[in-house]
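# Survey of secondary and tertiary structure
Below are the chains, spelled out letter by letter.
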Amino acid sequence: MTLAESIPSEIVNDPTSFRSLVIILNLLVLLGLTIWVFRTHFRTTRKPPNLTPNYDDDILETSRLEKVLGWALLSSAIIAVALPLYWLREPGRQSAAQEGFDERSVERGAILFAAEGGEDFDANLSLACANCHGGDGSGGNATTVIANPDPVCEPPEGGEVDFDANPECRPSQVSWSAPPLDTVFLRYPDQSPENRTGREQIKQIIVFGRPGTPMPAWGTDYGGITSTGAKNDQAIEDLLNYIESIQISPEDAQARATTQFDDLRGTATPEELAQREEAVAEARATRDALPADAPEETVAEATDAVTNAINQLKEIQSTPQQAVTDAEIAVEEAEAQLAAAETLDEVEASELALESAERQLENAQAWVDRVEIASDGELLFELNCARCHTDGWSYFNPLDPDAAPLPGPQGGGGFGPNLREGSVARQFPNPALHLEFVRTGSTYQVPYGVAGIGTGRMPGFAQMLTEEQIDAIVDYERNL
Ligand code: HEC
Ligand code: HEC
């Protein structure tokens, strides 16, 4: 930074800071000196110095001498005070500079992370991580197209797949879930503050992306290895600093995991559910019993009562149960539409709507049934582990299972290894070590289990899940 650049920006940004005051003071002194030089040296009436009489000896040895000595003393005193002061301030100044540096890095990271519509978005700089990972980094989805992995769908040598003959081989558009990043530093914990293995792992993911998933590569290189991304090390560090700055606490992360589990499992008792279902049925019966010539207001009231009762039911239902309720309403509406249809086109359209609503209901009901018989460990595995250990889980939609190829067997391997057919029990004959591994995750080149060598890619869940949740998952895994 040149002097000309630094002076105005410092004063403009923070006019009352110590530095600004010193700079302003210096500028004033400089100005005063310049004026003084001009006035004394360029005065036309001024006598030449050799003709100007100097002070006589009396003055030179008394008041003049005292004045000079006085000024000398004063300057020494100022230096004597200023030097220690400067020295005392220095560590604070240095750490403030470091903090300012970190703050600016986080700000740059926020801009890189932002997507259109976000507060920090900059059309020239932003990489739009937020588009997939959520504006606040709490997770989201990426729409992407996948090919059917079935060997039947592999293009023949030198040719292309005949999609007309094999319609099931058409690539499908899916919604691939992108994990939350406001907990990623909890999942990839550092070995120690000096040995930031977790941060390195996250950096590697950002630099190289996750091949085979929508997560692109962003960095140009990692420790000398070239990647296909476009961002230099400084930008990747800025992103890491920003992501680290938005991490939530382990307590909040565990509360989030518990809420996700509760939403899937449902927390209401069968009695509570039955009670609210009955309220819905009653509201419906009241509405349906209204005579055809009932006043509009009465009809509206009765309809509102049904909506209210349904909302109250959904409030305590699990997500799959809510899907059933929604599908039931869709079926009912389609049936009413069909009954009221007059033209052939209307009949056809409402028949299609009814068919689709019935399929929706079937899928939702199948989801409810599956969740009902699943153990807690299985549901927790689905929510926290399956995206890496079950092929295709990241885009599986239980409400639309035909949208894409079905996921592989649960725990059958994906980005992470196969955990089925006793392979975990062989890797960890001792359940306590299995538990410990899930709690801490793997570390690059550190052996684990009987024959495992860590790559650092397996996250640790000690801060993400409660003890009981990890116990339940491990129990489930050992019996896969
Ligand atoms: C096109 C969507 C998309 C964009 C844009 C994107 N990501 Fe991702 N990201 C994903 C998906 C999907 C995954 C999960 C991949 C998987 O299933 O293993 C992921 C995974 C990650 C992970 C690993 C998290 C974990 O626990 O597995 C990190 C870290 C990450 N992304 C950071 C970033 C950063 C930083 C940016 C911006 C520079 C970014 N992502 C931009 C889709 C995206
Ligand atoms: C981000 C992806 C990812 C997630 C999420 C994940 N794992 Fe893993 N897991 C891996 C990888 C990769 C390995 C292989 C070890 C390595 O590369 O260091 C692994 C290895 C394992 C192993 C050892 C398997 C063996 O035979 O070597 C177990 C057990 C395991 N994971 C359990 C879990 C459990 C339980 C969860 C959820 C609580 C989970 N994983 C979530 C990626 C993941």
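Residues numbered from 1 in each chain as written. Chains lettered and ligands numbered in written order. Predicted model: local features only at pLDDT ≥ 70, side-chain atom pairs only at ≥ 80, totals over all residues. Heavy atoms only, no water.

## Quick notes on the site of ligand 2
Every one of the 28 residues lining ligand 2 counts as a neighbour, but Cys385, Cys388, His389, Thr455 and Met458 are closest to it. Contact distances for ligand 2 include 2.8 Å between a nitrogen atom and a side-chain N or O atom of histidine 389. The contact in question runs from an oxygen atom of ligand 2 to an N or O atom on the side chain of threonine 455, over 2.5 Å. When contributions to the shell around ligand 2 are tallied by element, the ones reaching two or more residues are helix H15 (386-389), helix H16 (423-427), helix H17 (431-440) and helix H18 (467-478). Residues of the shell around ligand 2, tallied by class, amount to 15 nonpolar, 9 polar and 4 charged. (Near = heavy atom within 4 Å. Polar contact = N/O pair within 3.5 Å; in protein donor to acceptor, adjacent residues only side chain to side chain. Helix = DSSP H or I, 4+ residues; strand = E, 2+ residues; numbered from the N terminus. Nonpolar A, V, L, I, M, F, W, Y, C, P; charged D, E, K, R; others polar.)

## Here we look at the coordination of the iron atom of ligand 1
Around the iron atom of ligand 1, the donor atoms from the protein are His133 (NE2) and Met215 (SD), and they sit 2.0 to 2.2 Å away. If you look at the iron atom of ligand 1, its 6 donor atoms make angles of 87 to 178° with each other, and the shape they trace is octahedral. Residue histidine 133 is located in helix H5 (residues 129-133), and its partner methionine 215 is located in the loop between helix H7 (197-208) and strand E3 (221-222); the two are separated by 82 residues in the primary sequence. (Donors = N, O, S within 2.8 Å, 3.2 Å for Na, K, Ca; no water. Tetrahedral: all angles 85-135°; square planar, octahedral: opposite > 155°, others 65-115°.)

## Let's talk about the state of the cysteines
In the structure shown here, the tally under the stated rule is 1 disulfide. Paired by a disulfide, cysteine 153 and cysteine 169 hold their sulfur atoms 1.9 Å apart. Taking the sign of the S-S torsion, -75° for the link of cysteine 153 and cysteine 169, the bridge is left-handed. Of this pair, cysteine 153 sits in the loop between strand E1 (140-146) and strand E2 (172-178) while cysteine 169 sits in the loop between E1 and E2, and the two are 16 residues apart along the sequence. The two residues cysteine 153 and cysteine 169 agree in class, both being buried. (Disulfide = S-S within 2.5 Å. Buried < 20%, exposed > 50% of the residue type's maximum accessible area, 1.4 Å probe, protein only.)

## Side note on the environment of threonine 258
Inspection of the secondary structure puts threonine 258 in helix H9 (residues 250-265). In this structure, the C-alpha to C-alpha distance between threonine 258 and leucine 380, residues 122 residues apart in sequence, is 9.2 Å.

## With respect to the pattern of salt bridges
Scanning the model with the defined rule gives 18 salt bridges in all. Here arginine 439 and glutamate 436 are joined by a salt bridge, their closest N and O atoms 3.9 Å apart. In this pair, arginine 439 and glutamate 436 both sit in helix H17, 3 residues apart, roughly one turn of the helix. For arginine 439, the salt bridge goes to glutamate 467, with nearest N and O atoms at 3.0 Å. Remark: glutamate 467 occurs in helix H18 and arginine 439 occurs in helix H17; sequence separation between them is 28 residues. What you see here is one network of salt bridges that share partners, running through Asp190, Arg196, Arg199, Lys203, Asp233, Glu237 and Glu244. (Salt bridge = Lys/Arg side-chain N within 4 Å of Asp/Glu carboxyl O.)

## Some thoughts on the coordination of the iron atom of ligand 2
Tetrahedral metal sites with four donors have an ideal angle of 109.5 degrees; octahedral sites with six donors have ideal angles of 90 or 180 degrees. For the iron atom of ligand 2, every protein donor is listed as His389 (NE2) and Met458 (SD), and the spread of their distances is 2.0 to 2.1 Å. For the iron atom of ligand 2, the 6 donor atoms in the first shell make angles of 88 to 179° at the metal, so the coordination geometry reads as octahedral. In this pair, histidine 389 is assigned in helix H15 and methionine 458 in the loop between strand E6 (452-453) and H18, connecting sequence segments 69 residues apart.

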